[in-house]
Amino acid sequence: MSELSDVGMINQSVPPEEEAEWKLPSFRKVGVILLILTETALFTIFVVAYLFYIKKSLNGPYPQDVLELPILATVALLSSSITVVIAERAFMKNARGTFHLWWGLTMVLGLFFLGFTAHEWYTLIYRDGLTIATNVFGSTFYALVGLHASHVIIGLILLGLVFVLSLLGHVKPDQAERIEMISWYWHFVDVVWIVVFIVVYIISRSA
Amino acid sequence: MATTTEEEIDIELSPPGEEKGVLTGGIQSLFYTVDHKKLGLMYIGSGLIFFVIAGLMATAIRIQLAIPKNDFLEPDVFNRFFTMHGTAMVFYVGMPIIFGFANYLIPLMIGARDMAFPRLNAFGFWMFFFSACLFYFSYLGAEGLYGAGSAPDVGWFAYSPLTAKAFSRGHSTDYWTLSILLGGIGSLATALNILVTVFCFRCKGMTLGRMPLFVWLWIVVAFLTLIALPPLSACQIMLTLDRYLGANFFNTQAGGSAVLWQHFFWIFGHPEVYILILPGFAIASEVIPVFSRKPIFGYPIMVAASVMIAFISLGVWAHHMFTVGMTSLGNTFFAISTMIIAVPTGIKIFNWLGTMYGGKIRLDLPMMFCIAFLFQFLIAGLTGVMLSVAPFNWQLSDSYFVVAHFHYVLIGGLLFTLFAGIYYWYPKAIGRMLNHKLGLWHFWLFIFGFTLTFAPQHVSGILGMPRRIFTYDPGRGWEIWNFISTVGVPFQIAGVACLVANMIWSYFKGKKAGDDPWDAWTLEWATTSPPAEYNFEKLPVVRSRRPLWDLKHPEDPDWKHE
């Protein structure tokens, strides 16, 4: 239409010293960081609700009576953060067999953690009679731990998809950044567990 | 046809496919489009439809309150109407229209071809649209057991324990909860998308410091959305657990706390006010410089003030809760933080005035709406500071004074700037100018009706009229103010009708706009009107805050001075 449509014209009358390289951050990294930010806000509210309701239950069972320290599950989940990094490095070096091994191990550790949660909930419900409706401890406990467990499930789905696709040969070396993003998400899930562990299993049991 | 020659020339010079217009080309393409411009217009269009519905509900409320002891609406219908009106105006009118502007304009302003995640963008829109449909479907679907409940009737902030299963039977509250939860997911997706677009897809030379203020304000809004919306989602999840699985988050009989709901809701609710008003500031920050023929005054201060507003807005929420009864430390903290937030807001108003001062002001419609915005928002800000004083708030909390205050914020502040934005960017989006005469009718009818409706509510509030009452006794001194208030409504309706008629008429018959009808400076005016699907034939390179000024004035470009 008019000469304005040709925005290339802006190039004219340009100071020469400004022809520097134009680099912007990776959109995947920024996106995942922002996702983690907003998820953090969500978890914060559930953690605050949990802390607020400590010792506010009108009837038992109370945390100190029924909760046990989940040492093994915690070790499993936290070490899965290490295995996923090893897998990621192997992927960068294009060592696909090593990648499969450590990536699969990460999934096994995540599944072990989920199995622990399932067992814990089963015991709490059938042995101790603690459900989400029993008291405010039950409500906040199942909501917070359940929210975290649902994130573990999403992480496992992502890990599993990559695992299967990679076994079928559909994952290409130039997709390394996507692999890295899944591991970032997985680290986030781990860090949330550290907070949940401290709040639920240490603070509320000793309060 | 008289205009044949002119159109022929256009066809020759425009990119192929562009002559089809923006909304034709098959309705079905609206369902699968991922184009940020189409989605932006869909956001604005559906927001305007819900605006009319929610506005008609407000009209019914005003008719009911026009005279004492009126029986135009049943009490329970009245409760549903103010709930549906408030919730819809925030979540299904305000949010989609501001997101529509952002969607349409941000990629154009930063010289990008689309949003970072176009499909996520479409997902965000359809989540919003579905949640709005779910919300209105409550009128049909919420009957529940024994015919209890219809549409939600718990007010837009749905205080606990009114929302507990025992007090809100049937499914009406569930419709409210679930539709807000779903809409929130859509808003989060869009906010994330906007930030990634701005950080990762700016054209060459578009440093953060050269971005239009519109984009800067949207960085702030999108961050606020990412931080403030999850608390809303969290408390909706808790409420759903309460209602369906018997959890005790807000069940006071099992040690739960009803006040916690208020805290969680307002941790979202107050930043939400800024999520809604900052996009209004964003529009004013684009319109005022262009129509004053001066660059914006104090660009870095404007950015800093916006960031400050966002930070402080996260720490003022309990000023909605002074009457709950807090410690005097709590009262003091929230009163002071609320007063402090007026400082960066005041800085912005002074900067807009500074932009206008000494400028060659062009009193076209976008500018007129922005000037009205400055005055009305000043009033809104002043009543806001009044309400931040805790003892004053104890008197006037939940009165019509508060109703007047936030309608001055959201109509006098936000809606007027949105109108300014519509008049300013309609030529870009549609390719034709809006009719000036009809626009003048819209402006004067609406500003007259708005003032007539909401200014008297300050008085009825001070005289003690509580909000959300469905009728009142004669002889309290409220009659005249309520009557004037209702008289203003037909003027507002006529004003909005002028706008709608104008938008439809101008779509077919409006004067051709050309690429740059306002002689503006930001990148969206450098491409065709309406822009092609790929936005820019050749991605631009930017040297200053006003790339089009540089282009038009090669003898004195801005980059020599910045």
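As a reminder, the structure under discussion sits directly above these lines.
The paragraphs below set out a description of the structure included in this document. Everything quoted here is computed from the prediction, not taken from an experiment. (Residues numbered from 1 in each chain as written. Chains lettered and ligands numbered in written order. Predicted model: local features only at pLDDT ≥ 70, side-chain atom pairs only at ≥ 80, totals over all residues.)

**Focus on the overall build of chain B**
For step 1, the next point in the chain: For chain B, the helix and strand inventory stands at 16 helices and 0 strands.
For step 2, the next point in the chain: The C-alpha atoms of chain B give a radius of gyration of 24 Å, which matches the 24 Å a tight globule of 562 residues would have.
For step 3, the next point in the chain: Structurally, chain B occupies a C-alpha span of about 70 × 50 × 45 Å along its principal axes.
For step 4, the next point in the chain: Here chain B holds 562 residues, and the buried ones make up 55% of them.
For step 5, the next point in the chain: Sequence separation of at least 24 residues holds for 81% of the intrachain contacts in chain B that already meet a minimum separation of 6. (Helix = DSSP H or I, 4+ residues; strand = E, 2+ residues; numbered from the N terminus. Rg over C-alpha atoms; globule rule 2.2 N^0.38 Å. Buried ≥ 20, exposed ≤ 12 C-beta atoms within 10 Å, placed from the backbone. Contact = placed C-beta atoms within 7 Å.)

**A look at the interface of chain B and chain A**
For step 1, the next point in the chain: Contacts between chain B and chain A engage 47 residues on the former and 40 residues on the latter.
For step 2, the next point in the chain: Broken down by element, the residue count for the side of chain B that touches chain A peaks at 9 residues, all from helix α7 (residues 213-245) of chain B.
For step 3, the next point in the chain: Per-class residue counts for the side of chain B that touches chain A are 31 nonpolar, 8 polar and 8 charged. (Nonpolar A, V, L, I, M, F, W, Y, C, P; charged D, E, K, R; others polar.)

**Brief notes about the environment of K509(B)**
All names here are of chain B.
For step 1, the next point in the chain: Within the secondary structure, K509 sits in helix α15 (residues 479-509).
For step 2, the next point in the chain: Overall, K509 belongs to the exposed group, with 9 C-beta atoms counted inside 10 Å.
For step 3, the next point in the chain: The spacing of K509 and N70 is 439 residues in sequence and 45 Å in space, taken between C-alpha atoms.

**A short note on unusual backbone geometry**
For step 1, the next point in the chain: Omega for the peptide link from G60(A) to P61(A) comes to -5°, which places this bond in the cis form.
For step 2, the next point in the chain: Residue position: P61(A) is located in the loop between α1 (27-52) and α2 (63-66).
For step 3, the next point in the chain: For the bond running from S160(B) to P161(B), omega is 5°, close enough to zero to count as cis.
For step 4, the next point in the chain: Note on placement: P161(B) falls in the loop between α5 (118-141) and α6 (172-200).
For step 5, the next point in the chain: For R293(B), which is not glycine, the phi dihedral falls at a positive 55°.
For step 6, the next point in the chain: Along the chain, the position of R293(B) falls in the loop between α8 (258-292) and α9 (299-313).
For step 7, the next point in the chain: Positive phi, close to 70°, is recorded for R468(B), a residue that is not glycine.
For step 8, the next point in the chain: Position of R468(B) among the secondary structure elements: in the loop between α14 (436-462) and α15.

**Some remarks on the nonpolar core**
For step 1, the next point in the chain: Of all hydrophobic cores here, the largest spans 219 residues; its most connected members are L195(B), V215(B), L217(B), W218(B), V287(B), F369(B) and A420(B).
For step 2, the next point in the chain: Counting residues per element, this core draws most heavily on α7(B), at 22 residues. (Core = buried A, V, L, I, M, F, W, Y, C linked by C-beta atoms within 7 Å.)

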